[in-house]
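Structural overview
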Amino acid sequence: KDLIKIDLKDINGYEIERPVYNSNGDKLIFSAKAIGENWQIYIYNFKDKSISRLFTSDENARFPYYSPDDRFVVFTTDYDGNEEIEIIDTENTAMRVTVTNNAARDSYPVWNTIYPFEVTNEDIDSKIAFVSDRNSGHQIYVMDADGSDVRQLTSLPQGAESPCWSPDGVWL
C-alpha cells in the first residue's frame, strides 16, 4: 500500500513521539507538544479522521501504550517531579491509577499483548515492561499491570532502553 500523510489538524507542527496503533489498527495514540509546552497524549481515529486529546493536565504525559483490550492506556507522567507510570481508563479519563511511585525514573511502558484470561497458562498474565533507573542506571523491568511483582530483567553496564514485546506477548 501507499504511505499516507495524516493531517493532524490543530497540532500540525507539534513535536510527536512514540506513535502506537491500538489492537485493530483503527486508532493511533501518541504524545505531542508545541514548543515550550508540556507533552500531552492524543488519539488519531482513522475511521473518521478525527484527533482528540486523551485528557488535559499541566503535567507532561508521554509514551502512551494501549492495553491488550484497548480500554486502558499506560503512560509516563511527571506530576510529582520525576517520571512515574500510570494507567488511565479511556472510557472514564478521571480514573487514573498510579502503578509506580518512587524516587526513581520509571518510563517507556509497554503492555504485552496477552489479555488477562485469554490464555489458560496461569504463569502468563498481563504484564507491563518499562525502563527504570532505580538500580544501576537505566534497565528494563517488568511488572504486573497493577504495579506488583516488579522484576529487573536487564543489568547491562551500558543500560537498556525501549522494551518491546514479541507479537504473542510472551517474549521481551
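Throughout what follows, the structure given in this document is the object of discussion. (Residues numbered from 1 in each chain as written. Predicted model: local features only at pLDDT ≥ 70, side-chain atom pairs only at ≥ 80, totals over all residues. Heavy atoms only, no water.)

Here's the deal with the overall build of the chain
Which entries qualify depends on this criterion: Here a helix means four or more residues in a row that DSSP labels H or I, a strand means two or more in a row labelled E, and each is numbered from the N terminus. This radius of gyration counts C-alpha atoms alone. The globule rule is 2.2 Å times how many residues there are, raised to the power 0.38. Remark: exposure states derive from per-residue accessible area (1.4 Å probe, protein chains only) relative to the maximum for the residue type, with buried under 20%, exposed over 50%, and partly exposed in between. Any pair of residues with heavy atoms lying within 4.5 Å of one another is described as a contacting pair. Using a 1.4 Å probe, accessible areas were evaluated by the Shrake-Rupley method; residue-level cover was limited to the displayed protein chains. Only four residue types enter the tally: Lys and Arg on the positive side, Asp and Glu on the negative side; His and the chain ends are excluded. The location of each charge is read from NZ of Lys, CZ of Arg, CG of Asp or CD of Glu.
A tally of regular secondary structure across the chain gives zero helices and twelve strands. Each helix and strand of the chain, ordered N terminal to C terminal, gives the series β-β-β-β-β-β-β-β-β-β-β-β. Relative to the compact-globule value of 16 Å for 172 residues, the chain shows a C-alpha radius of gyration of 16 Å, a close match. Along the longest, intermediate and shortest principal axes, the C-alpha atoms of the chain span 40 × 40 × 35 Å. Looking at the chain as a whole, 45% of its 172 residues are labelled buried. Contacts in the chain between residues far apart in sequence, at least 24 positions, make up 32% of those at least 6 positions apart. Surface accessibility of the chain: about 9700 Å² in total, with carbon and sulfur atoms responsible for 50%. Taken together, the 16 basic and 30 acidic charged side chains of the chain have centroids lying 6 Å from each other.

Some details on the sheet that holds strand β3 (residues 40–45)
What counts is decided by this rule: Here a strand pair is declared whenever DSSP counts at least two bridges between the two strands. Every angle, taken between N-to-C directions, lies between 0 and 180 degrees, and every axis is a line fitted to C-alpha atoms, over only the stretch in contact when it is a helix.
Sheet architecture is open: four strands sit in the order β1-β2-β3-β4, paired in antiparallel fashion. The open sheet has two edge strands, β1 (15–21) and β4 (50–53), and neither has a second partner. Taking each pair of neighbouring strands and ignoring which way they run, the sheet shows an average axis angle of 25°. Sheet topology note: the β3/β4 ladder contains four bridges and is antiparallel. What sits directly across from N45, in β4, is S50.

Some words on the nonpolar core
Applied cut-off: Buried Ala, Val, Leu, Ile, Met, Phe, Trp, Tyr and Cys residues form a nonpolar core when they are joined through side-chain atoms within 4.5 Å.
Among the nonpolar cores identified, the biggest contains eleven residues, and these are V20, I29, I41, I43, L54, F55, A61, Y66, V73, F75 and I88. Listing elements by their share of this core, those giving two or more residues are β3, β5 (61–66) and β6 (72–77). Setting aside anything within four residues of it in sequence, one finds L54 in contact with I41, Y42, I43, V73, I88, T90 and T93. Ranked by size, the runner-up nonpolar core spans ten residues in total, among them W111, F130, Y141 and A145.

Comments concerning the sheet that holds strand β8 (residues 92–98)
One key point about sheets: their strands pair by backbone hydrogen bonds, in either a parallel or an antiparallel sense. As summarised here, the arrangement of the four strands in space is β5-β6-β7-β8, forming an open sheet in which the pairing is antiparallel. On the outer flanks of this sheet lie β5 and β8, each paired with one strand and no other. Shown here is a sheet whose adjacent strand axes are inclined to one another by a mean of 30°, direction ignored.

A word on unusual backbone geometry
Glycine aside, residues mostly have negative phi, and peptide bonds are mostly found in the trans state. One non-glycine residue, K9, lies in positive phi territory at about 50°. On the secondary structure map, K9 appears in the segment before β1. Positive phi, normally seen in glycine, also occurs at R18, with a value near 45°. Position of R18 among the secondary structure elements: in strand β1.

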